[in-house]
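Summary of the model geometry
Listed here are the chains, written in short residue letters.
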Amino acid sequence: MRGEASSRIRAILVKEFIQLRRDRITFAMMVGIPIMQLILFGFAINTDPKHLPTGMIVPEPSAYTRSITAAMRNSEYFELRHGSMSERQAREALKRGTLSFVVSFPPGFSRDLVRGQEPQLLIEADATDPAAASNAVAAFDQIVESGLRDDLNGPLAQARQPAPPVDVVVHRLYNPEGVTRYNIVPGLLGVILTMTMTLMTAISLTREVERGTMENLLAMPVKPLEVMIGKITPYIGIGFVQVAIILLAAHFVFGVPMIGSFVALFVGLTLFIATNLALGYTFSTVARSQMQAMQMTFFFFLPSILLSGFMFPFRGMPEWAQWLGEVLPLTHFLRLVRGTLLKGSGMNDILPNLLPIVLIFGLVSVIALFRYRRTLD
Amino acid sequence: MTEAPAVIEATDLTKRFGDKTVVDHVSLDVRQGEIVGFLGPNGSGKTTTIRMLTGLLTPDSGSGHCLGYDITRDAEAIKRNIGYMTQRFSFYEDLSIRENLEFVARLYCLRPMAEHVDRTLDDLGLTSRQGQLAGQLSGGWKQRLALAACIMHQPKLLLLDEPTAGVDPQARREFWDQIHRLAGEGLTVLVSTHYMDEAERCHRIIYISYGKVVARGTVEEVIAQSALTTLVLQGAGDGRLVDALRREPGVDQVAQFGNTLHVVGTDAGELRQAVERVVQGRDIRVSEGETSLEDVFIRLMEQYGEARP
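Fair warning: this is a prediction, and the values are worked out from it, not measured in the lab.

Time to look at the overall build of chain A. Each helix and strand in chain A was counted, giving 15 helices and four strands. Counting only contacts in chain A whose residues sit at least 6 apart along the sequence, the fraction spanning at least 24 positions is 80%. Summed over its atoms, the accessible surface of chain A is roughly 19000 Å², and 63% of this surface lies on carbon and sulfur atoms.

Structural data, given as structure tokens:
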């Protein structure tokens, strides 16, 4: 009877909810984890560092050197030390690590520039951390050009730097400034949900076993599907509390654009949360203790972070790793959430990402129901 | 006397864990309205047998019916109609008494829920404590909550697995009064215990040792079957007598109760001679006593315990 099933589901659901409410530490964790991760990943970790200390060697200051200096300052990549330094001073500072860059104008720079003799401009970078310097160096060309654009006009227009022999055109779509957090914050949404949701349900059945309540639960007339629905549903609510925290921070703190369909985002989130909960629940039916369940969760969590495209660009991974990545719900969710937030995707656009999640959800649920032990054998 | 219909009928239930046979061809027969005591030392297979009857464990061989339902095929129907109280408290310690009962009421689809819960709380005197968390209750109250939870849906059969372990005497007495009241209303009860006074409150007892039934019947029948003779020695406060008696042939058990000794043996004549040899010349009165259930059980434990490798 349908009424009976819903009554039994409600029994489990209400019980889980009361337990969750009384378990202050878990509850605090559910709210604390997103905030902590946001701070760590959103603020602290930045693959596009700015305000790197830079020294200048300017033997003959002029209007042109000042324009370039100003353009560098405006780019925010470089934090310029005041005044010109000697070559010796600059080299020592680089060695000590107090400077990341040294830009030196050769003598006669302005004169050569006006004559159209394409003077050299040397930028020396501390390349011990290549990632830290690469973006700034890559941007330097453009910075110089844009700095001089206004100075070199009229009769001096021909003195503009000619195009380099290889014309590298980089279009940073959807994130023209290449702001890391636009990519990381929506990604964090998926990572945090993967971790907390899987963990919450992973310990749910093993906890019943360890506390001795499982025997009672099995002795009562409740079906495996009813237990699963009753145990998963309350955490969907918790998941959305986390979503709210992250999205609010994304909007108000990190200024991440949200230009896509909210309905599509909501549908995607609901399915993604349910999938992770079902996955954790499946761990719970396989594991024999809470400890084992937690180990399985972390065993699953690590590839999720590394192979989903959260940490490293997905297309940059070898093919076999991409195949592994395709199996993870997070991979598809990352595409979905970046699509809806940054690219303005709607329901139709996210379907190719939604389908694999639905598939994983179905598969995992079937395994969970199959693995659920109806007896103590 | 007309036979009441059978509520539990099991034949040759056998359960092995690895190469250890925990329950070995156990047959049970419990009739409606009966309170049957299921006795045996720790690890004798009582819990395993009860779990097989509830459908929580699948027997390796043998068959059984509870309330007419097959224990392997109709586990769902059995779960709906019996009440099972586990040995270890297995309700939620982070839920209050009322919340636990509401959980159970919803699981059994009892409607209206509040009415069922209120009535059960009232029946078992739990109303004033309904808001207390189960984890904060003492053993006696926990047991009362567990009993409340398993009789709320008015089952026809109650399986109780050592329900009074760790409960004080008064709570135990109240518990048994409750059981008898329920049995009077037609409920059938199978209860495992190793308290002798509780065994004596059962209509019938079944004694199991190392997975095998070794005695069954009413208390009187079981005592009679044992064919033990007990002699009571009054004025034997001297502890040294105990050792002397134990060394005598024909003496199986010697137990001291203050100033009296209970000496038990299987052969009445041999026992009498042995006792006379020891008490000779002492101021001790020897009389024939009644064999207690405890004497029988200790005898059974020794008898069947030794047979094991």
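Further notes follow.
One pass over the structure, following the stated rule, counts six cavities of 30 Å³ or more. When its volume is computed, the largest cavity comes out at roughly 60 Å³. Lining the largest cavity we find N216, A219 and M220 of chain A together with Y84, F91, V104, Y108, A149 and C150 of chain B. Looking at the lining of the largest cavity, the elements with two or more residues in it are helix 9 (214-219) of chain A together with helix 5 (139-151) of chain B. Considering only residue class, the lining of the largest cavity consists of eight nonpolar, one polar and no charged.

What the domain assignment reports for chain A is domain 1 (52-173) and domain 2 (180-371). A separation of 46 Å is found between the C-alpha centroids of domain 1 of chain A and domain 2 of chain A.

Summarising the element assignment, S104 of chain A is placed in strand 3 (residues 101-104). A relative accessible area of 13% places S104 of chain A in the buried class.

What follows deals with the nonpolar core. The nonpolar side chains of a soluble globular protein tend to be buried with one another. Among the nonpolar cores identified, the biggest contains 154 residues, and L217 of chain A together with I8, L158 and L190 of chain B are the most heavily contacted of them. The element best represented in this core is helix 7 (residues 180-202) of chain A, accounting for twelve residues. If near-sequence neighbours (up to four positions away) are discounted, L158 of chain B is found in contact with G83, L147, C150, I151, I179, L182, L187, T188, V189 and L190 of chain B. Residues A71, M72, F105 and L113 of chain A belong to the second largest nonpolar core, which totals 21 residues.

Under the definition given, this model contains ten aromatic pairs over all chains. Ring geometry for F89 of chain B and F91 of chain B: centres 6.1 Å apart, planes at 55 degrees, overall tilted. Judged by its relative accessible area of 6%, F91 of chain B falls in the buried class. Put simply, the rings of Y77, F78 and F101 of chain A touch in pairs and so form one group of aromatic residues.

The accessible area lost on association of the parts is a frequent measure of interface size. Taken residue by residue, the interface counts 28 residues in chain B and 29 residues in chain A. Here chain B and chain A share an interface that buries about 2900 Å² over both sides, 54% of which is from carbon and sulfur atoms. Counting across the chain B and chain A interface gives four salt bridges. Ionic pairing is found between R80 of chain B and E4 of chain A, a salt bridge with its closest N-O pair at 3.7 Å. Elements that contribute at least two residues to the side of chain B that touches chain A include exactly helix 2 (75-81) and helix 3 (97-107) of chain B. Ranked by residues supplied to the side of chain B that touches chain A, first place goes to helix 3 of chain B with five residues. Counted by class, the side of chain B that touches chain A contains 13 nonpolar, five polar and ten charged residues.

Residues and elements named next belong to chain B. Considering the arrangement of structural elements, one finds Q143 in helix 5. When its relative accessible area of 6% is taken as the criterion, Q143 is described as buried. Through-space distance from the C-alpha of Q143 to that of R172 is 9.5 Å; in sequence the pair is 29 residues apart. Excluding anything up to four places from it in sequence, Q143 contacts M85, P163, T164, V167 and F175.

The next subject is the packing of helix 3 of chain B against helix 5 of chain B. Residues and elements named next belong to chain B. One can describe the packing of helix 3 onto helix 5 by two numbers: an axis separation of 9 Å at closest approach and a directional angle of 25 degrees. Taken together, helix 3 and helix 5 sit at an angle that is classed as roughly parallel. At the point where helix 3 passes helix 5, the crossing takes the right-handed sense. Judged by residue contacts, I97, N100, L101 and V104 of helix 3 engage L145, A148 and A149 from helix 5. Class assignment for the residues of the contact of helix 3 with helix 5 results in six nonpolar, one polar and no charged.

Moving on, we get to the sheet that holds strand 4 (residues 122-125) of chain A. All names here are of chain A. Spatial ordering of the open sheet is given by 2-1-3-4, a layout of four strands whose pairing is mixed. The open sheet has two edge strands with one neighbour each: strand 2 (78-84) and strand 4. Going across the sheet, the axis of each strand differs from the next one's by a mean of 25 degrees, ignoring polarity. Of the strand pairs in this sheet, strand 3 and strand 4 are connected by four bridges, and their pairing is antiparallel. When the bridges of strand 4 are listed, V103 appears paired with I123. Across the face of the sheet, helix 3 (residues 63-75) comes into contact with strand 1 (52-57), strand 2 and strand 3 while running at roughly 150 degrees to strand 2.

A separate point is the packing of helix 8 (residues 204-211) of chain A against helix 10 (residues 224-252) of chain A. All names here are of chain A. Where helix 8 meets helix 10, the closest approach of the two axes is 11 Å, and the angle between their N-to-C directions is 115 degrees. Here S204, L205, R207 and E208 of helix 8 come into contact with helix 10, specifically with V227, K231 and Y235. For the contact of helix 8 with helix 10, the class distribution of residues is three nonpolar, one polar and three charged.

The next subject is the sheet that holds strand 11 (residues 229-234) of chain B. Residues and elements named next belong to chain B. Strand order in this open sheet of four strands is 12-13-11-14, and the pairing throughout is antiparallel. Looking at the sheet topology across the chains shown, the edges are occupied by strand 12 (253-257) and strand 14 (285-289). Sheet twist, expressed as the average angle between the axes of neighbouring strands with direction ignored, equals 25 degrees. With five bridges joining them, strand 12 and strand 13 (residues 260-265) adopt antiparallel strand pairing.

Rules and cut-offs
Here the residue numbers are simple positions, counted from 1 along each chain's written sequence. Note on labels: chains are lettered from A, ligands numbered from 1, in written order. For a predicted model such as this one, the threshold for reporting local features is a pLDDT of at least 70, and the threshold for listing and counting side-chain atom pairs is 80 or more; totals across whole chains, interfaces and linings nevertheless cover every residue. No hydrogens and no water enter the side-chain calculation; it runs on all heavy atoms of the structure. Labels follow the DSSP assignment, with helices taken as runs of H or I lasting at least four residues and strands as runs of E lasting at least two, numbered in each case from the N terminus. Between two residues, a contact is recorded if the distance between any of their heavy atoms is within 4.5 Å. Accessible surface area values rest on a Shrake-Rupley calculation with a 1.4 Å probe, where residue burial reflects the displayed protein chains alone. Using only the protein atoms, space was sampled on a 1 Å grid; points where a 1.4 Å probe fits but cannot get out form cavities, open sets with protein on both sides within 12 Å along at least five of seven lines form pockets, and lining residues are those with an atom within 4 Å of a point. Grid points are joined across faces, edges and corners, and a volume is the space filled by probe spheres set on the points. Three residue categories are used. Nonpolar comprises Ala, Val, Leu, Ile, Met, Phe, Trp, Tyr, Cys and Pro, charged comprises Asp, Glu, Lys and Arg, and polar comprises the others, including Gly. Per the annotation, domain bounds derive from an automatic or database assignment of domains. Burial classes: relative accessible area under 20% of the type maximum marks a residue as buried, over 50% as exposed, and values in between as partly exposed (1.4 Å probe, protein chains only). Joining through side-chain atoms within 4.5 Å is the link that ties buried Ala, Val, Leu, Ile, Met, Phe, Trp, Tyr and Cys residues into a set, and such a set is a nonpolar core. Side-chain rings of Phe, Tyr and Trp (the six-membered ring for Trp) are treated as a pair once their centres are within 6.5 Å; stacked means planes under 30 degrees apart, edge-to-face means over 60, and tilted covers the remaining angles. Each of two parts loses accessible area, computed with a 1.4 Å probe, when they are put together; buried area is these two losses added. For salt bridges, the criterion is a side-chain nitrogen of Lys or Arg within 4 Å of an Asp or Glu carboxyl oxygen. Here the axes come from fitting lines to C-alpha atoms, over the contacting stretch only for helices, and the angles between their N-to-C directions go from 0 to 180 degrees. Geometric relationships in this document are graded by angle, where less than 35 degrees denotes roughly parallel, more than 145 denotes roughly antiparallel, 65 to 115 denotes roughly perpendicular, and other angles denote oblique. For any pair of crossing helices, the crossing counts as left-handed if the nearer helix is rotated counterclockwise from the farther one by less than a right angle, and right-handed if it is rotated clockwise. DSSP calls a pair of strands paired once it identifies at least 2 bridges connecting them.

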